[in-house]
Amino acid sequence: MFDPKVLPVLPLRDIVVFPHMVVPLFVGRERSVRALEEVMKTDKQILLVTQRDRDQDDPAPEDIFEVGVLASVLQLLKLPDGTVKVLVEGKARASVRAYTAREEFYEAETVQIAEEGGVAEETEALSRAVIEQFEAYVKLNKKIPPEALAAIPQITEAGRLADNIAAHLAVKIADRQQLLEIANVGKRLEKVFALMEGEISVLQVEKKIRNRVKRQMEKTQREYYLNEQMKAIQRELGEQDDARDELIELEKRIKKTKLSKEAKTKAEAELKKLRNMSPMSAESTVVRNYLDWLLSIPWGQAKTKPIDMARAEQILDEDHFGLEKVKERILEYLAVQARTGALKGPILCLVGPPGVGKTSLGRSIAKATGREFVRLSLGGVRDEAEIRGHRRTYIGSMPGKIVQSMKKAKTTNTFFLLDEIEKMGADWRGDPTSALLEVLDPEQNSTFQDHYLEVDYDLSKVMFVTTANSLNMPQPLLDRMEIIRIPGYTEDEKVEIAKRHLLPKLAKDHGLKEGEWIVPDKAIRDVIRYYTREAGVRSLERELGNLARKAVRDMPREQLLSIVIDDERLAKYAGVQRFHHGLTDEEDQVGIVTGLAWTEFGGDILTIEAVKMPGKGRMSITGNLKEVMKESISAAASYVRSRATRFGLKPTLFEVTDVHLHVPEGATPKDGPSAGVAMAVAIVSVLTGIPVRKDLAMTGEITLRGRVLPIGGLKEKLLAALRSGIKTVLIPAENAKDLADVPENVKSGLEIIPVATVDEVLLRALTGPVTPIEWREEDQPIVPPKPADEVEGGLVVTH
C-alpha cells in the first residue's frame, strides 16, 4: 500500500496519458501553468488527470476524473504567446482522494494504485493474442508508425504491454479512461483485445469503402484523361469539338423528348454506343442518323382541338357543291369522333372517278377537324419497305413513308390522306398492301413497328382517310375500311361547281380581275356537253383554263376591257366540238343497242352493233372483249336460240345465218357481265329485223332462263346516260332499291324502268312486237352432217 501524497494536478483535454508513455503537452490555462512552475521548483512530480468535458476552461473538481497517472516533467519550454510546451512521462496509476484548498492551481491528495497480477498462463496467452491482434490492427490503421509495432513484441511485462497498446488505439476518451482505471492486468488485456476487435471491424469497412471510392475515382480520372487525350488528337487532326457537342445535344434531346419507355431505353443504349465509337467510323453515322430520326418524330405531341360540327358542315358546303350523301356520311363520322374523342372505327375510303374531289374532300375534313393535313400518294408503290421502312443493316436505310410523314406533321393526331391506295403493286420486294393492314387497323396501329425504328410507335391518334378510283384491292384491306362512293356530278352540278369554284380560281391564277372575263352559264354548259365527257370536273377545269389563257392573250391585242365567252368566241377558243350531246343515232336502227358501262373514270355508254349474213350459223365477236363479256354474249346467244319460236324465228335460221357482234372502240379493253341484256336485244333485233329505240339504254346481266340479274355502279351508269342525252333506261328490278342513292335531278331527267326478264326488255326496247310462230319437229329439214374440218367448236367464233 502506497502512502498518500499531495501533488499539483494538471487537467487534460482530449487525451489520457498511460504509465510509461512520454507525451508532449501544450498548456495555456493560467492555473495549469502555475502548477507546472510549482512542480519545476520541487521534485517535478505532477498528477495528470483527464477532465470529463473538454469544453470547460475552468473545471471544478467534480468535472475531473478521479483516476489519473503520476508523471514526471522531463522538459518545459515557455513560448512567446504565453503558452508552455511540456514533455511529461507517465510513471504509475494514481487516484485522487481529495483536493486541497489551494487556489493558485489544482492540488490534491493522491494515492498510487498498485497493479494486480492474474494467472500467469492466462496472462501469457492474453499477451500473445493482444500482440497478434495489434499487428492486424496496425496493418489497417496506417497512422501508427512501424517502429511502434517493432517495439511491442519486446515488452515482456503484461501490464506495460497493455498500456503501450492502449496508448496507440484510436478509441474514445471514455474507453481510454476505463482502461486507465483497470488495475487488474488480465482484465486490462481483455479490454484492450475487445477494443481492438471493434476497431478492426470498423477499419475493415472503412477500407472497403476507401477501395471502392478509389476505384471509382481511378475510373473517372482515367476516362477524363482519355477524353482529354482524344480531344488533343482531334485538335491535331483538325477536328473540332463538334462531335462532343453533338453528343451533349443528343443527350439533352433524349431527356427533353417524351419517348415511350421502350424508345427511351433504345435511345440511351444507342447514345452509349455512339460515345464509344470514333466520329470518323461509318457505323457512327448510322447510329447518329437513327437517333436523329427517333428524336425527330412526334412522341405524345398532340394538338387537341374540339370538333365544331357547325363549322365542319359549313366548311364542307363551302368547299364542295353537291355530294350530299357523301358529306352527310362524313359529318356523321365527325360527330362520333367529337362525342367519343376516340378514333376507334372503320377507316373511311373515298372511292370514285378522277376529278370528283376525293383529295379536296380529305383536305376539307382535315380543315374541319383542325388537324395537320398530310397527303401520302401510294400510286406505284411496290416495295413493302416504303411502308414499314428499311432495316438499318442496309446502306442508305430510312424509315417508311408513314414515319417520314409523321416527322413532317410534328404532331401525333395528324390527318393522313392515303391517296390512290388501289394503285399499289406487289413484287419480289414484298406486298405493301399487307403492310398497310397494321397501319389501318385501329386495334393494331397503337403498336406499329417500323423496321428502321425497331420500337413500337403509336398511330392510334392519327385520323386515316384513303382514296381510290376502284375497289380493285385485296379483301383484307377492304375489310378495314368503310367505302364511301363518289359517283360523279350531274350537268347542273358541274355548272354550279364551275361558277362557284373553278372560274374564280382560274381568274385569280391568270391575273384576270372581276368583270374582265365573263363566262355565261350557256358557255359553261356547252363546254360540259361538247368538249368534256367525264364524271368529275378535271377536264372541265382544263377547258375553262384554255378559254382564260386565250382571253388574256386577246384582250391587249384587240384592245378590249373585257371578254365575254359567247358562242362565236367559244367556237374560236375551244375549237371543234369533240363530243355529240343528245341521241347517239338520228333514227331507230336494227341491231344497234345502247348499253351502259362502268369504268374507273365513271360511267359511260357502250354502243353494241350486230349484223347478220348468209353463212353456216357462226357468231363472230370483235371489239377487244375479255372473257366475262364473251361468256355473257354466249349466254345471250344460247337464250335467243332456245326461245327462237317465241321471237318468230325458225330454228333452221341459225344454221344458214352468221351473226357478227361488234363493240366499237376496239383499242379499249371491255369486260363485265352487265352487257348481257343489250347483247340479247341486239341479236333478237338483227334476226327479226325490228329496230331498237334510239333514245333508250339498258344494263343488266342475263341468265340462260332469261332472267335479268342486278349489276353494280348504277349511279355512275345513270349519270352517263343523262350526259349522253338518253331518255329511258332499263335497269334490273333488283337494282330498284339503289335508286334511293341516286340524286333527284338524275331521276327526274330520266325515265328509269326496272325489268325482271328479257321479255320485258324486248317489249320496251324494240319499236315493234315480236310475233311467235308454231314449229314442229317434222318441219325440220334433213341436213347432212358437216365435215370435221368445218366444225368451229360450237356456236361462238372469236376474232
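What you see is a predicted model; the values in this text were computed from it and never measured. (Residues numbered from 1 in each chain as written. Predicted model: local features only at pLDDT ≥ 70, side-chain atom pairs only at ≥ 80, totals over all residues. Heavy atoms only, no water.)

Some thoughts on the overall build of the chain
What counts here: Numbering of helices and strands starts at the N terminus; helices are DSSP runs of H or I of at least 4 residues and strands are runs of E of at least 2. For a compact globule the rule gives 2.2 Å times the number of residues to the power 0.38, and the radius of gyration it is set against comes from C-alpha atoms. Think of it in three bands: residues with accessible area under 20% of the maximum for their type are buried, residues over 50% are exposed, and the middle band is partly exposed, with areas taken using a 1.4 Å probe on protein chains only. Residue-level accessible areas treat just the shown protein chains as cover; the underlying method is Shrake-Rupley with a 1.4 Å probe. His is not counted here, nor are the chain ends, while Lys and Arg score as positive and Asp and Glu score as negative. All charge positions are set by atom: Lys at NZ, Arg at CZ, Asp at CG, Glu at CD.
A tally of regular secondary structure across the chain gives 26 helices and 25 strands. A compact globule built from 799 residues should have a C-alpha radius of gyration of about 28 Å, whereas the chain, at 55 Å, is more than 25% larger. Seen along its three principal axes, the alpha-carbon backbone of the chain occupies a region of about 170 × 80 × 55 Å. Counting over 799 residues, the chain shows a buried share of 45%. Carbon and sulfur atoms make up 51% of the accessible area of the chain, which amounts to about 41,300 Å² in all. Within the chain, the 124 negative side-chain charges are centred at a point lying 2 Å from the centre of the 116 positive side-chain charges.

Some thoughts on the sheet that holds strand S8 (residues 373-377)
Keep this limit in mind: Strand pairing is assigned whenever DSSP detects at least two bridges linking the two strands. The axes used here are C-alpha line fits, helices contributing only the stretch in contact, and every angle between their N-to-C directions lies in the interval 0 to 180 degrees. For this analysis, residues touch if any pair of their heavy atoms sits within 4.5 Å.
Spatial strand order, S8-S9-S12-S7-S13: 5 strands in an open sheet with parallel pairing. Since the sheet does not close on itself, it has two edges, and those belong to S8 and strand S13 (481-485), each with one partner. Between one strand axis and the next, the sheet turns through 25 degrees on average, direction left out of account. Strand direction decides the pairing type here: strand S7 (residues 347-351) and S13, joined by 5 bridges, are parallel. Counterpart to Leu-348 in the pairing with S13 is Glu-482. Helix H12 (residues 358-369) contacts S7, S8, strand S9 (415-419) and strand S12 (463-468) of the sheet and is inclined by roughly 175 degrees relative to S9. Its contacts with the sheet place helix H14 (residues 401-409) against S8 and S9, and it is angled at close to 155 degrees to S8.

With respect to the environment of Ile-152
Inspection of the secondary structure assignment puts Ile-152 in the loop between helix H3 (146-151) and helix H4 (158-168). For the pair Ile-152 and Ile-165, spaced 13 residues apart in sequence, the C-alpha separation works out to 7.6 Å.

Describing the packing of aromatic side chains
Stated precisely, the cut-off is as follows: The criterion for an aromatic pair is that two Phe, Tyr or Trp rings (for Trp, the six-membered ring) have centres within 6.5 Å, with stacked assigned to planes under 30 degrees apart, edge-to-face to planes over 60 apart and tilted to the rest. Look at NZ for Lys and CZ for Arg. If either is within 6 Å of the ring centre and within 35 degrees of the ring normal, a charge sits over the ring.
All chains considered together, the criterion is met by 5 aromatic pairs. On the basis of an interplanar angle of 90 degrees and a centroid distance of 5.1 Å, the ring pair of Trp-299 and Tyr-457 is categorised as edge-to-face. Taken together, the residues Trp-299 in the loop between helix H9 (282-296) and helix H10 (309-319) and Tyr-457 in strand S11 (residues 456-457) connect sequence positions 158 residues apart. Judged by its relative accessible area of 5%, Trp-299 is buried. Its end group placed over the ring of Tyr-290, Arg-392 keeps NZ or CZ at 3.8 Å from the ring centre.

Some details on the nonpolar core
Our working rule: In this text, buried Ala, Val, Leu, Ile, Met, Phe, Trp, Tyr and Cys residues form a nonpolar core when linked through side-chain atoms within 4.5 Å.
Leu-334, Leu-361, Trp-517, Leu-540, Leu-544, Leu-547 and Ile-565 are the most contacted members of the largest nonpolar core, which has 52 residues in total. Here Trp-517 is in contact with Leu-503, Leu-506, Ala-507, Leu-512, Leu-544, Leu-547, Ala-548, Ala-551, Ile-563 and Ile-565, once residues within four sequence places are set aside. Ala-267, Trp-293, Phe-416 and Leu-436 belong to the second-largest nonpolar core, a separate cluster that totals 51 residues.

Regarding the pairing of strand S24 (residues 751-755)
Applicable threshold: Whether a crossover is right-handed comes down to one check: with the strands pointing away from the viewer, does the path from the first strand over the helix to the second run clockwise; if it does, it is right-handed.
The pairing of strand S23 (residues 728-732) with S24 spans 5 bridges and is parallel. By the bridge assignment, Ile-731 is partnered in S24 with Pro-754. As a crossover connection, the stretch from S23 through helix H25 (residues 744-749) into S24 is right-handed.

Quick word on the packing of helix H17 (residues 491-509) against helix H19 (residues 538-557)
Rules: Angle categories are assigned with fixed cut-offs, so that under 35 degrees is roughly parallel, over 145 is roughly antiparallel, 65 to 115 is roughly perpendicular, and the rest are oblique. Two helices crossing with the near one rotated counterclockwise from the far one by less than a right angle form a left-handed crossing, whereas a clockwise rotation gives a right-handed crossing. The classification used treats Ala, Val, Leu, Ile, Met, Phe, Trp, Tyr, Cys and Pro as nonpolar, Asp, Glu, Lys and Arg as charged, and all other residues, Gly among them, as polar.
For the pair H17 and H19, the least separation of the axes is 11 Å and the interaxial angle reads 50 degrees. Looking at the two axes, H17 sits oblique to H19. The interaxial crossing formed by H17 with H19 has right-handed handedness. Contacts between H17 and H19 involve Lys-494, Ala-498, Leu-502, Leu-503, Lys-505 and Leu-506 from the former and Leu-540, Glu-541, Leu-544 and Gly-545 from the latter. The residue makeup of the contact of H17 with H19, split by class, is 6 nonpolar, 1 polar and 3 charged.

Digging into H12
Going by this rule: In a helix, the anticipated span is given by 1.5 Å times the number of residues less one.
The end-to-end C-alpha distance of H12, which contains 12 residues, comes to 17 Å, matching closely the 16 Å that a straight helix rising 1.5 Å per residue would cover. Among the residues of H12, Lys-358, Leu-361, Gly-362, Ser-364, Ile-365, Ala-366, Ala-368 and Thr-369 are the ones counted as buried. Looking at the buried side of H12, the elements it contacts are H10, helix H11 (324-340), S7, S8, S9 and S12. Taken from the residues just after H12, Gly-370 is the one with a positive phi, measuring 70 degrees.

Section: helix H1 (residues 30-41)
Here is the rule we go by: It is the directions from the helix axis to the C-beta atoms whose arc is reported.
End to end, H1 covers 17 Å across 12 residues, agreeing with the expected 16 Å (1.5 Å per residue, within 8%). Those residues of H1 lying buried are Ser-32, Val-33, Ala-35, Leu-36 and Val-39. Buried positions in H1, seen along its axis, are confined to an arc of 155 degrees and lie on one side of it. Residues of H1 that are exposed and angled more than 90 degrees away from the buried face: Glu-30 and Lys-41. In this fold, the buried residues of H1 make contact with strand S1 (5-12), strand S2 (22-27), strand S3 (45-50), strand S4 (67-78) and strand S5 (84-99).

A look at the packing of H17 against helix H18 (residues 521-530)
Remark: H17 packs on H18, axes separated minimally by 10 Å, with the N-to-C direction vectors making an angle of 120 degrees. Two packed elements cross with a definite hand, and for H17 against H18 that hand is right-handed. When H17 is examined against H18, the residues Glu-491, Asp-492, Lys-494, Val-495, Ala-498, Lys-499 and Leu-503 are found in contact with a partner set consisting of Asp-521, Ile-524, Arg-525, Ile-528 and Arg-529. Of the residues assigned to the contact of H17 with H18, the class counts are 5 nonpolar, no polar and 7 charged.

What about the pattern of salt bridges?
Charged atoms that come close allow side chains of opposite charge to pair. The test is simple: The term salt bridge refers to a pairing of a side-chain nitrogen on Lys or Arg with a carboxyl oxygen on Asp or Glu at a separation within 4 Å.
Counted according to the given criterion, the structure contains 49 salt bridges. Between Asp-509 and Lys-505 there is a salt bridge whose closest N-O contact spans 3.5 Å. On the criterion of helical spacing, the pair formed by Asp-509 and Lys-505 is a turn pair, its members being 4 residues apart in helix H17. On the accessibility criterion, Asp-509 (52% relative accessible area) is exposed. Using a relative accessible area of 43% as the deciding quantity, one classes Lys-505 as partly exposed.

A few points about the pairing of S1
The buried count for S1 comes to 6 of 8 residues, which makes it a mostly enclosed element. Pairing geometry for S1 and strand S6 (residues 107-112), over 4 bridges, is antiparallel. By the bridge assignment for S6, Pro-8 is matched with Glu-107.

A word on a nonpolar patch on the surface
Heads up, the condition is: By definition, no residue in a patch forms a salt bridge, and every one has over 30% relative accessible area; like charges are joined within 9 Å, nonpolar side chains (Val, Leu, Ile, Met, Phe, Trp, Tyr) within 5 Å.
Side chains of Val-205, Ile-209, Val-213 and Met-217 sit close together on the surface and give an oily, nonpolar patch of about 340 Å² of accessible area. Looking at the secondary structure, you find Ile-209 in helix H6 (residues 185-236).

Comments concerning the confidence of the model for the chain
Do not read the fine detail of predicted coordinates wherever pLDDT is low. Applied cut-off: Confidence scores here are pLDDT values: one per residue, from the predictor, ranging 0 to 100.
For the chain, per-residue confidence averages 82 on the pLDDT scale, and 92% of positions sit at 70 or higher. Segment residues 788-799 is flagged for pLDDT under 50; beyond a separation of four residues in sequence, or across chains, it makes 20 contacts in the model.

Description of the side chain of Asp-419
Heads up, the condition is: Counting of polar contacts relies on pairs of N or O atoms within 3.5 Å, with two restrictions inside protein: one atom must be capable of donating a hydrogen and the other of accepting it, and residues adjacent in sequence are counted only when both atoms are side-chain atoms.
In this structure, Asp-419 sits in strand S9. A relative accessible area of 5% places Asp-419 in the buried class. A distance of 3.0 Å separates polar atoms of two side chains, one belonging to Asp-419 and the other to Thr-359. Ignoring anything within four residues of it in the chain, the contact list for Asp-419 reads Thr-359, Arg-375, Leu-376, Ser-377, Leu-378, Gly-379 and Thr-467.

Focus on the environment of Ala-170
One can find Ala-170 in the loop between H4 and helix H5 (173-181). For Ala-170, the residues in contact, after removing those within four places along its chain, are Tyr-137, Asn-141 and Glu-199.

Details of unusual backbone geometry
In most cases, non-glycine residues show a negative phi, while peptide bonds are predominantly trans. One non-glycine residue, Glu-420, adopts positive backbone phi at about 55 degrees. Locating Glu-420 in the fold gives a position in the loop between S9 and helix H15 (432-440). A relative accessible area of 28% places Glu-420 in the partly exposed class.

Quick word on the environment of Gly-676
Structurally, Gly-676 can be placed in helix H23 (residues 676-688). Residue Gly-676 is classed as buried on the basis of its relative accessible area of 0%. Expressed as a C-alpha distance, the spacing of Gly-676 and Pro-520, which sit 156 residues apart in the sequence, is 42 Å. Once residues within four sequence positions are removed from consideration, Gly-676 is found in contact with Ser-632, Ala-636, Gly-700 and Ile-702.

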